[in-house]
Structure formats: structure tokens, C-alpha cells
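Residue strings, one per chain:
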Amino acid sequence: MNQELGRLLQQAVWERLEMLEKLASSADNKSLLSVARTELPRLTSGWRALLDAHTPDSRGRCPECSSRWRPRAALCSVWRAAHNLFLPAEPISAGAGPAVPGPRSRSLLPPTVPVGAGAAH
Ligand SMILES: [Zn+2]
């Protein structure tokens, strides 16, 4: 993907998010219900796809965020953002990860990996 196309895609996503925020704050109840019924499943599906792509492997490393030269043993920024978004009462900081961040993750998470273990710099 070239830089210009990437910029256009980013702009389109930001505009879509802005439009949804405006709808949430100003649409009448009937319109809001209609939007919620179509957009909430799309958003949850999108989050699931994103989290699936960032599910740690058996060594606790995110296949998207880690590289051979930069392994990440803790939950990656995508999982931390999801946790902080969906469970804001239990915020986690960078480099830390909850033992069980969510109901779907139980079967997806590797065995508990100590923070910083296995991380090479
Ligand atoms: Zn990741």
C-alpha cells in the first residue's frame, strides 16, 4: 500500500468514527437504534478480528507486533487498548497484562508469562 492510499484510508476511518460520534450525540432515538443495530455488530466483529490477529502465541508473543529481533512477551498495545476500552475500571499499563483480560481470551492466552520475560532488546 502506498503512502497516499494509506493516508486516504486513515482519513476515511477517522471520518467514519466522527460520523458515528455525531450520530450518537445528536440522532433521534429511532435513527440511533437503527445505527446501533448495524454498527455495533460491525464494531464487535472488527474488534474480534483485530484481537484474533494479535493473540499471543504459545510463548506469549504477538504475531503482529513482535518480530524476530523485537519479541514482545507481554500483551501488546492492541490488547492493552482493548482491555482499557472494554474494562476501564481495571486499567493496565504498558508492558503489563492481566492474568485473564477477557472471557474470549481464556483459551487464547498462553500460560502466564512474567512481564519482561523473554523480551530481548
Ligand atoms: Zn499485537
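Bear in mind that the values here come from a model prediction, so they are computed numbers and not experimental data. (Residues numbered from 1 in each chain as written. Predicted model: local features only at pLDDT ≥ 70, side-chain atom pairs only at ≥ 80, totals over all residues. Heavy atoms only, no water.)

**Digging into the confidence of the model for the chain**
Here's step 1: Per-residue confidence for the chain averages 80 on the pLDDT scale, and 73% of its residues sit at or above 70.
Here's step 2: Mean pLDDT across the secondary structure elements of the chain bottoms out at helix α3 (residues 77-86), with 94, and peaks at helix α2 (residues 29-53), with 96.
Here's step 3: Segment residues 97-121: pLDDT under 50, and 39 contacts once partners within four positions in sequence are set aside and those in other chains are kept. (pLDDT = per-residue confidence, 0-100. Helix = DSSP H or I, 4+ residues; strand = E, 2+ residues; numbered from the N terminus. Contact = heavy atoms within 4.5 Å.)

**Comments concerning the pattern of salt bridges**
Here's step 1: A full pass over the atoms with the stated rule returns four salt bridges.
Here's step 2: Arg16 is the partner of Glu39 in a salt bridge, and the nearest nitrogen-oxygen pair spans 2.4 Å. Taken together, the residues span a long stretch of sequence, with Glu39 in helix α2 and Arg16 in helix α1 (residues 3-26) at a distance of 23 residues.
Here's step 3: A salt bridge links Lys22 to Glu18; the shortest N-O distance between them is 3.5 Å. Of this pair, Lys22 and Glu18 both sit in helix α1, four residues apart, which is roughly one turn of the helix.
Here's step 4: Connected through shared salt-bridge partners, Arg16, Glu39 and Arg42 make up one network. (Salt bridge = Lys/Arg side-chain N within 4 Å of Asp/Glu carboxyl O.)

**What about α1?**
Here's step 1: The terminal C-alpha atoms of α1 lie 34 Å apart, and with 24 residues this matches the ideal 34 Å at 1.5 Å per residue to within 8%.
Here's step 2: N-cap assignment for α1: the residue whose side-chain oxygen lies 3.1 Å from the backbone N of Glu4 is Asn2. (Expected span 1.5 Å × (residues − 1). Polar contact = N/O pair within 3.5 Å; in protein donor to acceptor, adjacent residues only side chain to side chain.)

**Describing the nonpolar core**
For soluble globular proteins, nonpolar side chains are generally found buried alongside one another.
Here's step 1: Judged by nonpolar contacts, Leu51, Cys62, Leu75, Cys76, Val78, Trp79 and Ala82 together constitute the single largest core of seven residues.
Here's step 2: The element contributing the most residues to this core is α3, with three residues. (Core = buried A, V, L, I, M, F, W, Y, C linked by side-chain atoms within 4.5 Å. Buried < 20%, exposed > 50% of the residue type's maximum accessible area, 1.4 Å probe, protein only.)

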